[in-house]
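Here is how the chains run, residue by residue.
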6 protein chains.
Amino acid sequence: MSDATALVISAHSADFVWRCGGAIALHAAKGYAVTVVCLSYGERGESAKLWKQDGMTLDRVKTERRGEAENAAAALGVADIQFFDLGDYPLRVGPEAMDRLVDVIRSVQPHFMLSHSKWDPYNTDHMYATQVALEARMIAQAWGHNPGEKVLGAPQLYLFEPHQTEQMEWKPDVFLDISSVWDKKRAAIECMAGQEHLWDYYTNVAENRGNHFRRNSGGQAGGRKATHAEGFQSVFPRTVDEL
Amino acid sequence: MSDATALVISAHSADFVWRCGGAIALHAAKGYAVTVVCLSYGERGESAKLWKQDGMTLDRVKTERRGEAENAAAALGVADIQFFDLGDYPLRVGPEAMDRLVDVIRSVQPHFMLSHSKWDPYNTDHMYATQVALEARMIAQAWGHNPGEKVLGAPQLYLFEPHQTEQMEWKPDVFLDISSVWDKKRAAIECMAGQEHLWDYYTNVAENRGNHFRRNSGGQAGGRKATHAEGFQSVFPRTVDEL
Amino acid sequence: MSDATALVISAHSADFVWRCGGAIALHAAKGYAVTVVCLSYGERGESAKLWKQDGMTLDRVKTERRGEAENAAAALGVADIQFFDLGDYPLRVGPEAMDRLVDVIRSVQPHFMLSHSKWDPYNTDHMYATQVALEARMIAQAWGHNPGEKVLGAPQLYLFEPHQTEQMEWKPDVFLDISSVWDKKRAAIECMAGQEHLWDYYTNVAENRGNHFRRNSGGQAGGRKATHAEGFQSVFPRTVDEL
Amino acid sequence: MSDATALVISAHSADFVWRCGGAIALHAAKGYAVTVVCLSYGERGESAKLWKQDGMTLDRVKTERRGEAENAAAALGVADIQFFDLGDYPLRVGPEAMDRLVDVIRSVQPHFMLSHSKWDPYNTDHMYATQVALEARMIAQAWGHNPGEKVLGAPQLYLFEPHQTEQMEWKPDVFLDISSVWDKKRAAIECMAGQEHLWDYYTNVAENRGNHFRRNSGGQAGGRKATHAEGFQSVFPRTVDEL
Amino acid sequence: MSDATALVISAHSADFVWRCGGAIALHAAKGYAVTVVCLSYGERGESAKLWKQDGMTLDRVKTERRGEAENAAAALGVADIQFFDLGDYPLRVGPEAMDRLVDVIRSVQPHFMLSHSKWDPYNTDHMYATQVALEARMIAQAWGHNPGEKVLGAPQLYLFEPHQTEQMEWKPDVFLDISSVWDKKRAAIECMAGQEHLWDYYTNVAENRGNHFRRNSGGQAGGRKATHAEGFQSVFPRTVDEL
Amino acid sequence: MSDATALVISAHSADFVWRCGGAIALHAAKGYAVTVVCLSYGERGESAKLWKQDGMTLDRVKTERRGEAENAAAALGVADIQFFDLGDYPLRVGPEAMDRLVDVIRSVQPHFMLSHSKWDPYNTDHMYATQVALEARMIAQAWGHNPGEKVLGAPQLYLFEPHQTEQMEWKPDVFLDISSVWDKKRAAIECMAGQEHLWDYYTNVAENRGNHFRRNSGGQAGGRKATHAEGFQSVFPRTVDEL
């Protein structure tokens, strides 16, 4: 299918694994070409374990983080992973990086996009990445940006699950059944050697979102037997032919 | 299809026409059996034109309103319309009426339900009807309510478009293309002889929601050529296999 | 002026004094006939000082509270004060009381109405009174309610200032300059012998709202020299000929 | 300590276990006398497994549910559990039941109270119970309610964790370390034979709330080593001597 | 009148037409000198039709857009229209442009200001323009900014109607009757040759806002016979002498 | 105590006095070393009285403002006050200033932090300072920022009381009893010679927050006899061992 593509915009290089690894693996299995853009490696702020090693340097952290992310991407079936290396804590996206991101969006022509929650007081990089995603989406739609290129349509932007959802004012309106690819997501999670304390955390999340899937697909009457799920918040309304 | 059913819970007998007539006609055309419950006729509060006639009585108003609603229902292809005649301004749903509503829900086993917005400072009957719908849905799911009956699953409750949407804190998350059945909705609207001042109003709404459909289905790149649409707000998250 | 009338719906008999005494006195001075409905005396829940006296009875509390309210009403220039005596903590408005309230609204035909905030976790009577006010306003607009009577137009419902505004999710969108009638409001406040601990509290409120009036009428450039003000939150949008 | 008491108001007889069993066990271990009021048994709506048995009756369901709740209460160290048996799906609290609840509150004089979230579209009994709790708290504070009794102070009302927190618009502002009593909570959970599908769900919740406890107590620098926690949303502001 | 001035801050050169053309024409007709600042021409993002022509260049688009905007401004009776030409998709306002905008504000000394909604996920330029407007208003009030100049007072900032209002979290609190100048607004709209698909859309909007005007000015009792209206959301509270 | 430190991030040099002077004095009295960072002097936007003097210059305003702030700090017992002199109206924090702020945070290792409300349409510097505080807190927690330094834990960020609280969407969840240090706060307030119009305003605020303290600590039953208090809104959830 011509629009069987998806794009993930990840503030740091591990975010795409915890937050939408299931969606990536599931759509890859369906034949989607999924592109992941890591705006930074999370090298300063999300690599505590590495920094506790003697003689660690910024370059070594980046190399380690990149390796982990590439392994996870492979486990999930990502078609293309790009590292923008823009720095983290804080992340900053200047005009050139924005243009590069718009180029990726136009090249991918994603059927849907994935990024962070709108609010995150713990991690301002996350909410900033979402603002960047919205702005890049807008620019990619502009007929006067690089005239002659194919402009972007109106892909949904799904906000994937943040840590401590309630504090982030994030509310999922769609649950995706990832039971069939859970083993791939767990494998990708286990590529994140530096954040082992989160492995079981996100396993619990996936199991409990499975419960939410069952509950919302069938109530007390049963519901579909999903074992694992992921939740997403849609930014834009859907357009449908049937309710 | 076994669950090709839908249920509309309408506070007053005309609400289902303005607010979801297109959804009704479209799903009826697809083979859904759509049931409409009118909790009241809107005989006191939404029949100003009738009350300006000499010698009008409550019974005559109800009869007129019922006739209009039945004609509109026929125009839309409604499978079953039920009038609970519970009174309006204010509407009150006592235990017996609640049980009757639950019976209808269980009998219909709707694939989805439709009712009013959660807030309406102009018309407390409307927001009350939504509370009633949520409570009835909950009771219909209880295994201990009339044990032995088939319990309700987890149908979506869509909140249809209120008048003055922004004042009602209503935000549509789904737009439905009703272009193919617009003529039926307009015909049903014209059955509402007592509220002629609203005919063009809701035609404008449908046209502009068509614009929203186009915009959200394709952005500046085009989008699907819907001429008319309706918007709905989902109460519950969806469960899906693909984003 | 034909519509120089206003109606206050007060859950307990002292609420109208603290919360909109300035608005009452100011409009009375402008020639408005202001009607106050006290749904209860606040005899159980807002009369702690009286109950600490030996041998106090419910009737004596009501008599004391009524006297205080009548004195305050006189100080403010209230045209008519009515005591519905429906009980407090909790307040309950049954069908007959609702009809009586609608009768008052239709008789007064208020240019604007005043009642409590939409949310009050400390005092559920308050938020209940606002629901009652909205429902009564709706019924009073119904052509089929007591057909032949003059129906209500679309008066604004202003929510007056609650105690601990932020906890009540109350946000004023209009400040009224009550400088010219502040002495009357203070006199009315001093009629509330049983709640002396609140006299200075509401004096502080009036002074600080005066600051807000000055700030919003002129910024750092000056602003109008109001010394005292009251704030109100509008439920409905305004209709104007000039911004 | 004179105020070492707490009161849980639970819509159905199992809610207190899943949602605040840890808080109960922890405070009981600290010497608090914890009272639990179960407004209903959840006999109609939360006992699906029982109703699937042949020949089940309402009385048998209530008996089973009561037994489970009493066992769980014992496991947690509850001082007193009271069953109001008001019916569920829907729950209704009439004037007599309200007075009874106020009597309990006055008798217990709780240092803090616990109840449900403010919004729950899946289960209207839950949000109704919270309204009941707020109203009962208000009445218990009234000097004119049963004059001569000791009136209630201003205990915090904590809203315990609902199912599908984001859909309930529930946001925890306090996390309680329940590591030391987790085994008791798990034991109480296992008393709920009829809802075994939720055992692991709430174990996952407790583990992940433990992560939130650690994160909020120390960030990436470490934090306290809680293994399990519970989250609560406060209705009222706190009053403190030190930040 | 000394303060018969108004200022519109428009992200792109057509925004002021669709969103507040009626307010401009009405106030111009009342003798207001209305200044419009177009921060950009919308040359890249809002000129799709032009870009579909062969050999189009950025300069030609700007020229076309400027011509359309000037014609529309003339049709509305705008006193002064200024093009800042800051670029769009994305719009960026640097320190010099900010100073220039503050100079305009101080020069105009507007009785009120108009700009975009606070949130717009489709078009980040829009919400950015509102942030710019708030910041510029603040700077214009500072006595230490260009000391000696007349500082700004506290003009209201009205947020005009965005496209897809509900998605923008925009809620109008004032409706302005533009019936008398509707022909001028329609004429201005028709100057926008490049966006003809929006002509009928905004005509529908004006008609339906006319309905809202009537409803809010008189309810079912009638209301003022406005045929067309515009809605606005106020950022700041009003200060009044009468409710 | 090792963590008896606190940090105030104040957009302009007087903010810390009005908004949290009591908290500073109280904690200083308890032995906390309180550091105040003034990002600017408020020299352009909050020094109207000075600018009205003949021959005033930016440097003289800064000198005056610095003197006032130092005197107030001394009155409150501030351990360290730092002036970043970044300019105001608008305030801008570049990469170097951000690094300097992070250095302060790491050096202080505050037990809690204090800054402005999240929203302030009157004063964009205020809400910007809060964004800066959140970002600086995040960077200070990063192990890769200046590796080898002690990283920051997870201190609470309290948002202190803004002017016109309701317009700022600020809701206090904690009240601090400042009765014992009120005289120090008043003395500090009186150091602000240039803003004498606010002295009584903030005295009223402190008295009324005292009322809120009493109400929330004991309801109608009494409550603690605080005469003055300050309110704060917590950004992050608390972690506790007892409710």
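(A) View of the relation of the copies chain A and chain F. With an RMSD of 0.0 Å, chain A superimposes on chain F once it is rotated by 120 degrees and translated 0.0 Å along the axis. The operation mapping one copy onto its partner corresponds to a three-fold rotation axis. Minimal C-alpha separation from the rotation axis in chain A is found for Trp119(A), amounting to 7.8 Å.

(B) Molecular detail of the packing of aromatic side chains. A full pass over the atoms with the stated rule returns 42 aromatic pairs over all chains. Ring geometry for Tyr32(D) and Phe112(D): centres 5.9 Å apart, planes at 50 degrees, overall tilted. Of the two residues, Tyr32(D) sits in the loop between α1 (15–29) and β2 (33–38) while Phe112(D) sits in strand β4 (residues 112–115), which places them 80 residues apart along the sequence. The pair Tyr32(D) / Phe112(D) is uniform in exposure class, with both members buried. By the ring-pair criterion, three or more aromatic residues cluster together here, those being Tyr32(A), Phe112(A), Tyr158(A) and Phe232(A). Stacked on the ring of Phe236(A), the Lys or Arg Arg137(A) has its end atom at 3.8 Å from the ring centre.

(C) Structural context of the interface of chain A and chain F. Residue-level contacts link 18 residues of chain A with 15 residues of chain F. Summed over both sides, the interface between chain A and chain F buries roughly 1,500 Å², with carbon and sulfur atoms accounting for 65% of that surface. The largest share of the area that chain A buries against chain F comes from Arg44(A), Tyr122(A) and Thr124(A), three residues that together contribute 33% of it. Summed over the shared surface of chain A and chain F, the result is 1 salt bridge. A salt bridge links Glu135(F) to Arg92(A), with the nearest nitrogen and oxygen atoms 2.6 Å apart. For the side of chain A that touches chain F, the secondary-structure elements that each account for two or more residues are α2 (48–51) and α5 (124–141) of chain A. Per-element accounting of the side of chain A that touches chain F gives the leading share, 3 residues, to α5(A). When grouped by side-chain class, the residues that make up the side of chain A that touches chain F number 8 nonpolar, 5 polar and 5 charged.

(D) Local environment of the relation of the copies chain B and chain A. Taken as rigid bodies, chain B and chain A are interconverted by a rotation of 180 degrees and an axial shift of 0.0 Å, the fit giving an RMSD of 0.0 Å. The operation mapping one copy onto its partner corresponds to a two-fold rotation axis. Within chain B, the C-alpha atom positioned nearest to the axis of rotation is that of Asp173(B), 4.7 Å from it. Comparing contact sets, 100% of the residues at the interface of chain B also lie at the interface in chain A, consistent with an isologous, same-surface contact.

(E) Structural detail: unusual backbone geometry. Residue and element names in this part refer to chain C. Note that the residue after Tyr89, namely Pro90, is joined by a cis bond; omega there is 5 degrees. With respect to the helices and strands, Pro90 occurs in the loop between β3 (80–83) and α4 (95–108). Positive phi outside glycine occurs at Asp85, with the angle close to 50 degrees. Counting through the fold element by element, Asp85 comes out in the loop between β3 and α4. Even without being a glycine, Asn146 presents a positive backbone phi close to 45 degrees. Within the element layout of this structure, Asn146 appears in the loop between α5 (124–140) and β5 (156–160).

Criteria and thresholds
Residues numbered from 1 in each chain as written. Chains lettered and ligands numbered in written order. Predicted model: local features only at pLDDT ≥ 70, side-chain atom pairs only at ≥ 80, totals over all residues. Heavy atoms only, no water. Least-squares fit on C-alpha atoms with pLDDT ≥ 70 in both. Phe/Tyr/Trp six-rings, centres within 6.5 Å; stacked < 30°, edge-to-face > 60°. Helix = DSSP H or I, 4+ residues; strand = E, 2+ residues; numbered from the N terminus. Buried < 20%, exposed > 50% of the residue type's maximum accessible area, 1.4 Å probe, protein only. Lys NZ or Arg CZ within 6 Å of the ring centre and 35° of its normal. Contact = heavy atoms within 4.5 Å. Buried area = accessible area lost by both parts, 1.4 Å probe. Salt bridge = Lys/Arg side-chain N within 4 Å of Asp/Glu carboxyl O. Nonpolar A, V, L, I, M, F, W, Y, C, P; charged D, E, K, R; others polar.

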